[in-house]
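This is what each chain is made of:
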Amino acid sequence: MREMGEHDDTRTSAVHDESVGTMGRRRFVDTLLSLGFGALSASLLSAEDVRAASRDEVPVVYGLTRDEESGELRPRRKTVPADWYDDFRSALAAHRNLTVRHHDEVASSAVEPGEYGGRNASIRVEITSEEARGAVPERVEDTPVEVRRVQAGDVRRSQRPGAAATPSAVEELDASGADATTDDGGVPGSVAVASEKLYGTLAPAMRDPADGSRYFATANHVFGGTGNAGEPLYLLDGSRTEIGAVRSGYPKSDMICARPVEGYEPLSRIRRESPGRVLGQFTKVGLADLKAEGEGLEKIGVKTGHTTGKIQAVDGFTCAYGAICKQGQLKWGEESGFSDGDSGSVNYHPDPDNPDAGVLVGGFNNARTWWPGEDYIWGTAAHHVTEKHGYTF
């Protein structure tokens, strides 16, 4: 599902000039789409949401949560400044039109959302040589482009950025999953899991909206790339208990979903977090809103434990390691907040509507910077996984 509309000269605040209260549902959705609201927001917002917003504000869907009884996905809505929203959607469209990001000497690009009452959104581009600087425009439409030179070295090297564990490293973690399961075989996220050779961190349960099935999930590179269907997923609990088998691997999103074996169940919970219940996930505009509000993200990985950090950029595109370029990347935090073994963990933030009830997930944590000049963790955002593969938290 896409959240943001294509760039055009419309202003979303023009929705207040429409007679939304008398429109049929189809016309209402078409009106929102024509004014620049994305398909997700247009399909889930109502005329009441529009009427509840001030003239200089618009409603957006910042998150998706799941009803515990029915399993139905439900939108979380809020109002944001209309000019901020228009600026952000324009930056996303400009980023999609930035063809130079496929240049061999462009390591990555992403959108840095604007601030409420502060600077506007911009596109951040990392290049590996000064020669590439001339190929990057200073602006795309109305969006400024900031170019940073990063250490060339091995930025595009083929390397597993997270879970390249040695046998001794796995042995050190072998007991980290001890007592992780509930009495009925439930396994929460943030515990140590492994393939035959490498280890990582388990994410909370992923759900298939088609039938509501729950799956274990972690980083795809824990299983070494492609062709990993059927490989066992082990819990590092001292005896390397098999809890699942890979159903599908998604190298471009760096994620696997594993079907649980009999006796084990993925839990929508993060171990050693309070409240650790996972209620759902943020949308792209929801992540941008968190940044605009000055709010950060958290994670719990099996090596570095609990860390926090600021959101830096969304809608990232990177070719910074391996042979596969990745889209839908979320950049946040600091390099020191991620180490080998943390891959597959998720970043999250307390539910804005009810922080005492649980958290919403921002996305996976799959890698960190290792070159001078940049300092962040990155991984595939949850909204991108949903858009490309259908799974939700």
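Quick look at the structure, then. All residue numbers refer to position in the chain's written sequence, counted from 1. Reporting of local features is limited, given that this is a predicted model, to residues whose pLDDT is at least 70; pairs of side-chain atoms are given and counted only at 80 or more, and all residues count toward the totals for whole chains, interfaces and linings. By convention in this description, side-chain values take in all heavy atoms of the structure and omit both hydrogens and water.

## With respect to empty space enclosed by the protein
1) Next: Think of a 1 Å grid over just the protein atoms. A cavity is a set of points where a 1.4 Å probe fits yet cannot get out, a pocket is an open set with protein on both sides within 12 Å along at least five of seven lines, and lining residues have an atom within 4 Å of a point. Grid points are joined across faces, edges and corners, and a volume is the space filled by probe spheres set on the points. A complete count under the given rule lists two cavities of 30 Å³ or more for this structure.
2) Next: Along its surface, the second largest cavity is lined by Ser108, Ser109, Arg124, Val125, Glu126, Lys331, Glu374 and Tyr376.
3) Next: Of all the secondary structure elements, the ones that give two or more residues to the lining of the second largest cavity are strand E3 (106–112) and strand E4 (122–127).
4) Next: Secondary structure elements follow DSSP: runs of H or I no shorter than four residues count as helices, runs of E no shorter than two count as strands, and numbering proceeds from the N terminus. Top element by residues in the lining of the second largest cavity is E4. It accounts for three residues.
5) Next: The residue classification treats Ala, Val, Leu, Ile, Met, Phe, Trp, Tyr, Cys and Pro as nonpolar and Asp, Glu, Lys and Arg as charged. All others, Gly included, are polar. Per-class residue counts for the lining of the second largest cavity are two nonpolar, two polar and four charged.

## Examining the pattern of salt bridges
1) Next: The rule for a salt bridge is simple: a side-chain nitrogen of Lys or Arg has to be within 4 Å of a carboxyl oxygen of Asp or Glu. Under the definition given, this model contains 21 salt bridges.
2) Next: Between aspartate 351 and arginine 76 there is a salt bridge, with its nearest N and O atoms 2.4 Å apart. One end of the pair, aspartate 351, is in the loop between strand E20 (346–350) and strand E21 (359–364); the other, arginine 76, is in strand E2 (residues 73–81), with 275 residues separating them in the sequence. Summarising the burial analysis for this pair, aspartate 351 and arginine 76 share the class buried.
3) Next: A salt bridge links glutamate 130 to arginine 133; its shortest N-O distance comes to 2.9 Å.
4) Next: Residue exposure (1.4 Å probe, protein chains only): buried if accessible area is under 20% of the type maximum, exposed if over 50%, otherwise partly exposed. The exposure class assigned to glutamate 130 is partly exposed, which follows from its relative accessible area of 40%.
5) Next: Within this structure, Glu112, Arg124, Arg148, Lys291 and Glu374 form a network of salt bridges that share partners.

## Notes on the packing of aromatic side chains
1) Next: Stacked, tilted and edge-to-face pairs are distinguished by plane angle, under 30 degrees for stacked and over 60 for edge-to-face with tilted covering the rest, among Phe, Tyr and Trp rings (Trp via its six-membered ring) whose centres lie within 6.5 Å. Taken as a whole and judged by the stated rule, the model has eight aromatic pairs.
2) Next: When the centroid spacing of 6.4 Å and the interplanar angle of 40 degrees are considered together, the rings of tyrosine 62 and phenylalanine 282 count as tilted. One end of the pair, tyrosine 62, is in strand E1 (residues 57–66); the other, phenylalanine 282, is in strand E16 (residues 278–282), and 220 residues separate them in sequence. The pair formed by tyrosine 62 and phenylalanine 282 is uniform in burial state, with each residue classed as buried.
3) Next: With centroids separated by 6.0 Å and ring planes inclined at 65 degrees, the aromatic side chains of tyrosine 250 and tyrosine 391 adopt a geometry described as edge-to-face. Here the residue tyrosine 250 occupies a position in strand E13 (residues 241–250), and tyrosine 391 occupies one in the segment after helix H7 (382–389), the gap between them amounting to 141 residues. This pair shows no difference in class: tyrosine 250 is buried, exactly as tyrosine 391 is.
4) Next: In this analysis the charged atom, NZ for Lys or CZ for Arg, is taken to sit over a ring once it is within 6 Å of the ring centre and within 35 degrees of the ring normal. Above the plane of the ring of tyrosine 234 lies arginine 240, whose end atom (NZ or CZ) is 5.0 Å from the centre.

## Regarding the environment of asparagine 97
1) Next: The topology assignment puts asparagine 97 in the loop between helix H4 (82–96) and E3.
2) Next: On the basis of relative accessibility, which here comes to 52%, the residue asparagine 97 falls in the exposed class.
3) Next: Residues asparagine 97 and valine 140, 43 residues apart in the sequence, show an inter-C-alpha distance of 7.9 Å.

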